Amino acid sequence: MTEPTTWYAATAVASPERPTLSHDLDADVCVIGAGLAGLTVAREVARRGWSVAVLEAGEVAGGASGRNAGFVSPGFAERIDAIVERVGLARAKELWALSLAGVDYIRNAMNETEMPGIEPRDGRLSVRRTDDEPRLIEHAAMLRVDFGADVEVWPTDQVREVLRTPYYFQGLHFPQAFHIHPLNYARGLAADAEKHGARIFQNTQAIGIDPAGVRKRVQTSGGLVRARHVVLAGGTGVGPVDEQIAATVLPVSTYVAVTAALGEKLFEAVRYSGAVADTRRAGDYYRIVEDDRLLWGGRVSTRSSEPRRLKAQIRRDILKVYPQLGELEIEHAWSGTMAYAVHKMPQIGELAPGYWIASAFGGHGLNTTAMAGEMIAGAILDGDDRWRLFSSYELVWAGGAFGRAAAQTSFWMMQRRDAVAEWISRYRDSARRESEARQARWEAEKAARKVEAEARRAEEEARRVAEKEARRLAAEEARRVAAENARLAKEEVERIREERRLAAEEGKRAAEAQAMREAARAAATLARHVEAHKALTAEPDSQDATPKTPESTPKPKPRKRRASKKKKAVTEPAPPA
């Protein structure tokens, strides 16, 4: 099986080989086209036990269903205010609810079947490239109040915080939206439909249909399918089956590319992991895949052939918005052809009894294909008539070649008008920001001068206070030093007095000791004199001629003398020291 040259094909889960129809076949339902709408019908019908045959001219999801940006969010390609104007608010609310049910269907199908390789990531941010916040706030209020939509208004600064480019202003954030790998989702639908008994024939081009009668007949090059119900879900490829239906859609091509891994520099430019699209009719849309690759789409054309140097053109588109990405490599680039109705709304309904159409999902295809597939299956199985809500959007001839030329001219005019409006908005934004910057600089200078003056005053006050404090501290220090000196002087006087007292006491004791020593010496001297006097006055012994020594001579009796008071005072022993 030959895969399309897209990043989706390069990263797709494995898909089984499917046969080509080579025999006649009877079924309850025959679905022409194995895109998202046709696969949803087949899955729902098969789950209810009905037999279903799917005829695909190429491969499953080989067209726009497997080549789109992968955005899943409520709404339609047509603006909601235009829908209200055409069908009224009450019916517009019902249509919005159906589009939201399509979002829920995809989320539930992924969870129920545990489809591999879907890689859903939450959030979608719809950004404006012109500055008109009041109008955006009014639009968001209408969505919240009239339609119960979960939507947030992001101001310019918040948008530019996550999308680092001056090209964007305000944005609407849809937190319940998400983005997926659409080819893997389509293959998951096909696998689940086959699990419940559906038969899918690839490379089987339907070349004619007879919708009359109870059993419709669909002719292919290899066989005939007879079915009670036929669902025409081939988009732009239904020409060989029904040329009148094919003439009601306009084939419009858009282009998608995926960069090589960009690393950290991608995060520096795009800090939002959800899907991003600007609000121009032919605007850019992109999302981060594989963590550091940028999937980028844009450029609308009615030409069927792929432009030359497509990678270089998309590289210029990316760098125009995010020049900080620098040199980047485009690894995959491809085109996808969508089916648009003139009124920009899906074509959903019953063309004849048992003959159904689900087409024209260009510009908002994932949720609307799920919505249409489930709704038509409900109509076939249970008689659900909600498809009649789209009766106001009848089949309208798209103008053929003239219509394609007119559409291309309209695209060019819209692009030029958008470019002028963007330039004006960016110029005004630049002028406003420059004025704000000048005002901010003036305010900053004024504030700086005020701060400087206040600083000078504070410095002067601080200096004055410091000087006053210094004088106070100096006076206190002088008083402290004087008090300390007085204390030291007093202590010195006391010390000197104490030393003098101690010296006086010491002198007194020394004098008394000296007096006592002198008295002792005098007493000793007197004693010697007394002894000598006694020895001299003693009578010699007549019987002993030998002279007696003084020791043997008896001491004469001392003569009593009156001692004077003065002498007595001298001889008194001194008191102990």
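Each chain has its residues counted from 1, following the order in which its sequence is written. The predicted origin of the model limits local features to residues at a pLDDT of at least 70 and limits the giving and counting of side-chain atom pairs to 80 or more, whereas totals for whole chains, interfaces and linings rest on all residues. To get the side-chain values, all heavy atoms of the structure are used, and hydrogens and water are removed first.

On to the overall build of the protein chain. Looking only at helices and strands, the protein chain features 13 helices and 17 strands. Taken over 577 residues, the protein chain has a buried fraction of 43%. Only heavy atoms matter for contacts: two residues are in contact if any of them lie within 4.5 Å across the pair. Expressed as a percentage of contacts within the protein chain between residues at least 6 apart in sequence, the contacts between residues at least 24 apart total 75%. The helix and strand labels rest on DSSP assignments: H or I over at least four residues marks a helix, E over at least two residues marks a strand, and numbering proceeds from the N terminus. Categorising residues by exposure relies on relative accessible area from a 1.4 Å probe, with only protein chains included: less than 20% of the type maximum marks a residue as buried, more than 50% marks it as exposed, and the intermediate range marks it as partly exposed.

Buried within helix α3 (residues 80-87) are the following residues: I80, A82, I83 and V87. The buried residues of α3 all sit within an arc of 155° when viewed along its axis, so they share a single face. At its buried positions, α3 is contacted by α4 (89-113) and α5 (133-147). Backbone geometry just downstream of α3 places G88 in the positive-phi region, at approximately 90°. Starting at the helix axis, one direction is taken to each C-beta atom, and the arc is that of these directions.

Let us now look at the packing of aromatic side chains. Aromatic ring pairs are defined here through the distance separating the ring centres and the angle between the ring planes. Aromatic rings from Phe, Tyr and Trp, taking only the six-membered ring of Trp, are treated as a pair when their centres fall within 6.5 Å; an angle between ring planes under 30 degrees marks them as stacked, one over 60 as edge-to-face, and anything in between as tilted. Following the criterion strictly, the structure yields ten aromatic pairs and no others. Considering the side-chain rings of F76 and F390, the 6.1 Å spacing of their centres and the 75° angle between planes classify their relative orientation as edge-to-face. In this pair, F76 sits in the loop between β3 (71-72) and α3 while F390 sits in the loop between α11 (365-382) and α12 (400-537), placing the two residues 314 residues apart along the sequence. In this structure F76 comes out as buried when scored by relative accessible area, which is 8%.

Here we come to helix α2 (residues 36-47). How far a helix is expected to stretch is found by multiplying one less than its residue total by 1.5 Å. If you check α2, its first and last C-alpha atoms are 16 Å apart, about what twelve residues at 1.5 Å a residue would give, namely 16 Å. In terms of residue burial, α2 counts as a mostly covered element, since eleven of its twelve residues are buried. Those residues of α2 not exposed but buried are L36, A37, G38, L39, T40, V41, A42, R43, E44, V45 and A46. Note on α2: the residue one or two positions beyond its end, G49, has a positive phi of about 90°.

What follows is about the confidence of the model for the protein chain. Parts of the model with low pLDDT should not have their predicted coordinates read in detail. How sure the predictor is of each residue is captured by pLDDT, a score from 0 to 100. Per-residue pLDDT for the protein chain has a mean of 86; in total, 86% of the residues score no lower than 70. The low-confidence segment residues 542-553 (pLDDT under 50) makes three contacts with residues lying over four places distant or belonging to another chain. Contacts for the low-pLDDT stretch residues 563-574, under 50 throughout, to residues beyond four places or in other chains number four contacts.

For every element, the axis is a line fit to its C-alpha atoms; helices are fit only across the contacting stretch, and the angle between N-to-C directions ranges from 0 to 180 degrees. Two elements in contact, α3 and α4, have axes separated by 7 Å at closest approach and are oriented at 130°. With respect to their mutual orientation, α3 and α4 come out oblique. The crossing of α3 and α4 is right-handed. Listed contacts from α4 to I80, I83, V84 and V87 of α3 are L89, R91, A92, L95 and W96. Throughout this description, any angle smaller than 35 degrees is read as roughly parallel, any larger than 145 degrees as roughly antiparallel, any in the 65 to 115 degree range as roughly perpendicular, and the remainder as oblique. Working rule for handedness: look at the near helix, and if it is turned counterclockwise from the far one by less than a right angle, call the crossing left-handed; if clockwise, right-handed.

Our focus in this paragraph is the packing of α3 against α5. Where α3 contacts α5, the axes come no closer than 11 Å and their chain directions differ by 55°. Comparing their axes, α5 and α3 come out oblique. Together, I80, D81 and V84 of α3 and H139, M142, L143 and F147 of α5 make up the contact between the two elements. Three classes are used: nonpolar for Ala, Val, Leu, Ile, Met, Phe, Trp, Tyr, Cys and Pro, charged for Asp, Glu, Lys and Arg, and polar for all others, with Gly counted as polar. Class assignment for the residues of the contact of α3 with α5 results in five nonpolar, one polar and one charged.

Glancing now at the pattern of salt bridges. By salt bridge we mean one thing: a side-chain nitrogen of Lys or Arg within 4 Å of a carboxyl oxygen of Asp or Glu. A full pass over the atoms with the stated rule returns 39 salt bridges. A salt bridge links E469 to R472; its shortest N-O distance comes to 2.1 Å. Taken together, the positions of E469 and R472, both in helix α12 and three residues apart, correspond to about one turn of that helix. R501 is paired through a salt bridge with E498; the nearest N and O atoms lie 2.3 Å apart. With R501 and E498 both in helix α12, this residue pair falls three residues apart, about one helical turn.

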